Amino acid sequence: MPMRKEDMTRFVMNKKDDLVDSALDGMIYASPWRNLVRLQVDPRIRIVMRNDWQKQQVALISGGGSGHEPAHVGFIGKGMLTAAVCGDVFASPSVDAVYNAIINITGEAGCLLIVKNYTGDRLNFGLAAEKARKAGFSVNMVIVGDDVALPDNPQPRGVAGTLLVHKVAGFVAERGDDLTAVTEAAEAASHAIATMGVALSSCHLPDEQTGQRVPDGSVEMGLGIHGEPGVDVMQTQNSQQIVQHLLEKVMPGNDQPRALLVNNLGGMSALEMSLVTRDLIESPLSRGSDYLIGPAPLMTALDMKGFSVTSMTLTPLFEEAICAPVEVTGWVQAVKIAPLQPVNATKEATAHPAQPSDNPTVAAFVNSICETLIASESELNKLDAQVGDGDTGSTFAAGARQIQRECADNQLPLNALPDLLAVTGERLATVMGGSSGVLMAIFFTAAAQQLAEGDALPAALQQGLEKMKQYGGAQPGDRTLIDALQPAIEALVAGKSLAEAADAAQQGSDATASMGKAKAGRSSYLNSANLNGVSDPGAVAVARVFVALKKL
């Protein structure tokens, strides 16, 4: 039966039944150490193990449902796991699968099972351990329950902190300690960790429809790694506030050294995770933390847009263990946390030293432009999301906020128009990202130069426009802000009123909706069908500025 169109929009796969097996093959292919191999037992059993295993040390076996990649296969290798037993997506592997892993991998040194505290995993790994013991194998089991979302829960879930137990046990096993010592180290590690997660949205299961449970503008605290509902909802997406709440839950009430593991649950961007990391490290609640592991996808929940934070209280053994090198694909090296020490750059003297001055009339024009762009931020972003990369509003608003702040602080040369335009160009080149900032900086800088040489303002603006076209490459009709800016400036050069210039800008902006394929800017990467009926956001911004100015 072919997949429904709506199912395929959220999950890439060939056949649902082959998804996990194919993904395991992909992980084996990707191992830079070429140290992973499938243990062939039965087509319904999925066991991945070290291909250099000689049964001379304590074997470490973990696993569980798939969908948490790189866990657990990504942590097989020297210094961590010996093998992982993989179930279907979010489903525990069978007793037979775990039992076959034990009997094929365990030598005289014995075996330790490291199990996340979920009912299915406890039962299947537990029964397999009993069967193996009856067959004469030395098998111990450590159950990890590091989730502190529900502190009164007698069966806390095992989540990302499980990986730290893998790391400690793997270190002790690799150096040749016996089963009792490895088990004790793993037990101690499981009692030294606390984890809590947060998400903006749940995950999408293959071939299943998933509703949006988390309200817009909110996050769900303490949800599980299988999409289980959290304990509460915070009506914020502010990183610092979220981090504060998480740290209050996971940080121990002592001054012992500790490590923080920052885990991407699958759907967070690298930009967001870097912000979260900064806020975690700089929070007063995390002061005294010695090591950082991550941010990285370590124990994921498919594509869940969220992250978890694990705190581990360190002993000398744990510190040595988390820093020890390993030959696995999923682990990231622990780094020592140190204060940031930026280097001061040599600052060149500005080409246009500003002499602050007060001029209420000019200030009114400046503030009108800035307020218009700031108020239009969201709408311009929405327009740009249809034809570009969705940031035009934010880019213009960033420049507007900077200029508005300096105007409010009396830092602008409002009585000297050439200097005002030059300073504006310099500021926009600094605070506005992408091509828009550079183009607007060129526009104002060139116009300032012409004003300083004695040209009238309209002629100076026209020269700024010509320089913008020269360096940017856009011409009228290319579906850019030029289509609104050029007719407005031409109207001013012809001696027409500001109101007539605003009308010309508006007409030029409206015309971009029917210009077909763009010939410059991000829109030029799209076909005309995607652009039809959508005005260029830069042209809309220009038109709105002129409309606002004509009201003064």
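Calculation criteria
Residues numbered from 1 in each chain as written. Predicted model: local features only at pLDDT ≥ 70, side-chain atom pairs only at ≥ 80, totals over all residues. Heavy atoms only, no water. Helix = DSSP H or I, 4+ residues; strand = E, 2+ residues; numbered from the N terminus. Buried < 20%, exposed > 50% of the residue type's maximum accessible area, 1.4 Å probe, protein only. Contact = heavy atoms within 4.5 Å. Areas by Shrake-Rupley, 256 points an atom, 1.4 Å probe, with all protein chains shown as cover. Pairing = 2+ DSSP bridges. Expected span 1.5 Å × (residues − 1). Axes fitted to C-alpha atoms, helices over the stretch in contact; angles between N-to-C directions. Domains from an automatic or database assignment. Phe/Tyr/Trp six-rings, centres within 6.5 Å; stacked < 30°, edge-to-face > 60°. Lys NZ or Arg CZ within 6 Å of the ring centre and 35° of its normal. Salt bridge = Lys/Arg side-chain N within 4 Å of Asp/Glu carboxyl O. Polar contact = N/O pair within 3.5 Å; in protein donor to acceptor, adjacent residues only side chain to side chain. Core = buried A, V, L, I, M, F, W, Y, C linked by side-chain atoms within 4.5 Å. pLDDT = per-residue confidence, 0-100.

1. Considering the overall build of the chain
Then step 1. Within the chain one finds 19 helices and 13 strands.
Then step 2. With the C-alpha coordinates of the chain rotated into their principal frame, the extents come out at 100 × 60 × 40 Å.
Then step 3. Buried positions account for 51% of the 552 residues belonging to the chain.
Then step 4. The contacts of the chain with a sequence gap of at least 6 include a subset with a gap of at least 24, amounting to 72%.
Then step 5. For the chain, the accessible surface area stands at approximately 25,200 Å², while carbon and sulfur atoms represent 51% of it.

2. Some details on the environment of Gln463
Then step 1. Relative to the helices and strands, Gln463 resides in helix H15 (residues 457-472).
Then step 2. In this structure, the C-alpha to C-alpha distance between Gln463 and Phe443, residues 20 residues apart in sequence, is 8.0 Å.

3. Considering the pairing of strand E12 (residues 305-313)
Looking along a regular strand, one sees side chains alternate from face to face of the sheet.
Then step 1. Taking burial as the measure, the nine residues of E12 include eight buried ones, the bulk of the element.
Then step 2. When strand E7 (residues 193-201) meets E12, the two strands line up antiparallel, connected through eight bridges. Along E12, the bridge assignment pairs Gly197 with Ser308.
Then step 3. Taken together, the seven bridges between strand E10 (residues 258-264) and E12 define a ladder with antiparallel strand orientation. Among the inter-strand pairings, Leu261 is bridged to a residue of E12, identified as Thr310.

4. Quick look at helix H16 (residues 482-493)
An α-helical segment advances 3.6 residues per turn. Residues three or four places apart therefore align on the same side.
Then step 1. With 12 residues, H16 should cover 16 Å at 1.5 Å per step; its first-to-last C-alpha distance of 16 Å lies within 8% of that length.
Then step 2. When you tally the buried positions in H16, you get nine out of 12 residues, the bulk of the element.
Then step 3. Turning to H16, its buried residues are Ile482, Asp483, Ala484, Leu485, Gln486, Ala488, Ile489, Ala491 and Leu492.
Then step 4. One or two positions beyond H16, positive phi appears at Gly495, with a value near 85°.

5. Thoughts on the sheet that holds strand E2 (residues 47-50)
Then step 1. In spatial order, the strands read E1-E2-E4-E3-E5-E6; together these six strands make up an open sheet with mixed pairing. The open sheet terminates on both sides in strands that have one partner only, identified here as strand E1 (36-38) and strand E6 (139-144). Sheet twist, expressed as the average angle between the axes of neighbouring strands with direction ignored, equals 25°.
Then step 2. Sheet topology places strand E5 (residues 111-116) next to E6; six bridges connect them, and they run parallel. Each bridged residue has a counterpart across the sheet, and for Ile114 the counterpart in E6 is Val142.
Then step 3. In the packing of helix H2 (residues 19-30) onto the sheet, contacts are made with E1, E2, strand E3 (59-66) and strand E4 (83-89), and the angle to E1 comes to roughly 150°.
Then step 4. Strands E2, E3, E5 and E6 of the sheet are contacted by helix H5 (residues 162-174), whose axis makes an angle of about 170° with E5.

6. Considerations on unusual backbone geometry
Then step 1. A cis amide bond, omega 5°, links Ala71 with the succeeding residue His72.
Then step 2. Tracing the sequence through the fold places His72 in the loop between E3 and E4.
Then step 3. The peptide bond linking Gly294 to Pro295 adopts the cis configuration, its omega dihedral lying at 5°.
Then step 4. Inspection of the secondary structure assignment puts Pro295 in strand E11 (residues 289-296).
Then step 5. The phi torsion at Arg479 lies on the positive side, around 70°, for a residue other than glycine.

7. What about the side chain of His245?
Then step 1. Counting through the fold element by element, His245 comes out in helix H7 (residues 239-250).
Then step 2. Non-local contacts of His245, meaning those with residues more than four positions away in its chain, are made with Met196, Met221, Asp232 and Met234.

8. Digging into the domain arrangement of the chain
Then step 1. Along its sequence, the chain is carved into domain 1 (16-200 + 218-336) and domain 2 (360-550).
Then step 2. A separation of 52 Å is found between the C-alpha centroids of domain 1 and domain 2.

9. Comments concerning the packing of aromatic side chains
Then step 1. Counted according to the given criterion, the structure contains one aromatic pair.
Then step 2. Ring centres of Phe443 and Phe444 lie 5.2 Å apart, and the angle between their planes is 75°; on these two criteria the pair is classed as edge-to-face.
Then step 3. With relative accessibility at 17%, the residue Phe444 sits in the buried group.
Then step 4. Over the aromatic face of Tyr99 sits the side chain of Lys131, whose NZ or CZ is 4.6 Å from the ring centroid.

10. Re the pattern of salt bridges
Then step 1. Evaluation of the coordinates by the stated rule reveals 23 salt bridges.
Then step 2. Residue Lys336 pairs with Asp290 through a salt bridge whose shortest N-O separation is 3.6 Å. With Lys336 in strand E13 (residues 335-336) and Asp290 in strand E11, the pair connects residues that are 46 residues apart, well separated along the chain.
Then step 3. Among the charged side chains, a salt-bridge network with shared partners connects Asp21, Asp25, Arg38, Arg46 and Asp88.

11. What about the side chain of Arg157?
Then step 1. Tracing the sequence through the fold places Arg157 in the loop between E6 and H5.
Then step 2. A distance of 2.7 Å separates a polar atom in the side chain of Arg157 from a polar atom in the side chain of Asp147.

12. Focus on the nonpolar core
Then step 1. Counting 67 residues, the largest nonpolar core has Val73, Leu112, Met312, Ile322 and Trp331 as its most contacted members.
Then step 2. Tallying contributions element by element places H5 first for this core, with eight residues.
Then step 3. Once residues lying within four places of it in the same chain are set aside, the contact partners of Ile322 are Leu164, Lys167, Ala259, Tyr291, Ile293, Met312, Leu314, Trp331, Gln333 and Ala334.
Then step 4. Judged by nonpolar contacts, the second largest core, of 50 residues, contains Leu421, Met440, Ala491 and Ala501.

13. Focus on the confidence of the model for the chain
Then step 1. Residues of the chain with pLDDT of at least 70 account for 94%, and the chain-wide mean is 91.
Then step 2. The model gives residues 1-8 a pLDDT under 50, and that stretch makes nine contacts with residues more than four places away or in other chains.
Then step 3. Here residues 520-527 scores under 50 on pLDDT; set against residues more than four positions off or in separate chains, the count is 19 contacts.

14. Quick notes on H7
Then step 1. Compared with the 16 Å implied by 1.5 Å per residue over 12 residues, the 16 Å span of H7 between its first and last C-alpha is a close match.
Then step 2. Considered for burial, the residues of H7 that qualify are Ser239, Ile242, Val243, His245, Leu246, Leu247 and Val250.
Then step 3. Of the surrounding secondary structure, the elements contacted by the buried residues of H7 are E7, strand E8 (219-221), strand E9 (232-234), helix H8 (270-282) and E12.
Then step 4. The residue sitting at the N-terminus of H7 and contributing the capping side-chain oxygen is Asn238; that oxygen lies 3.1 Å from the backbone nitrogen of Gln240.

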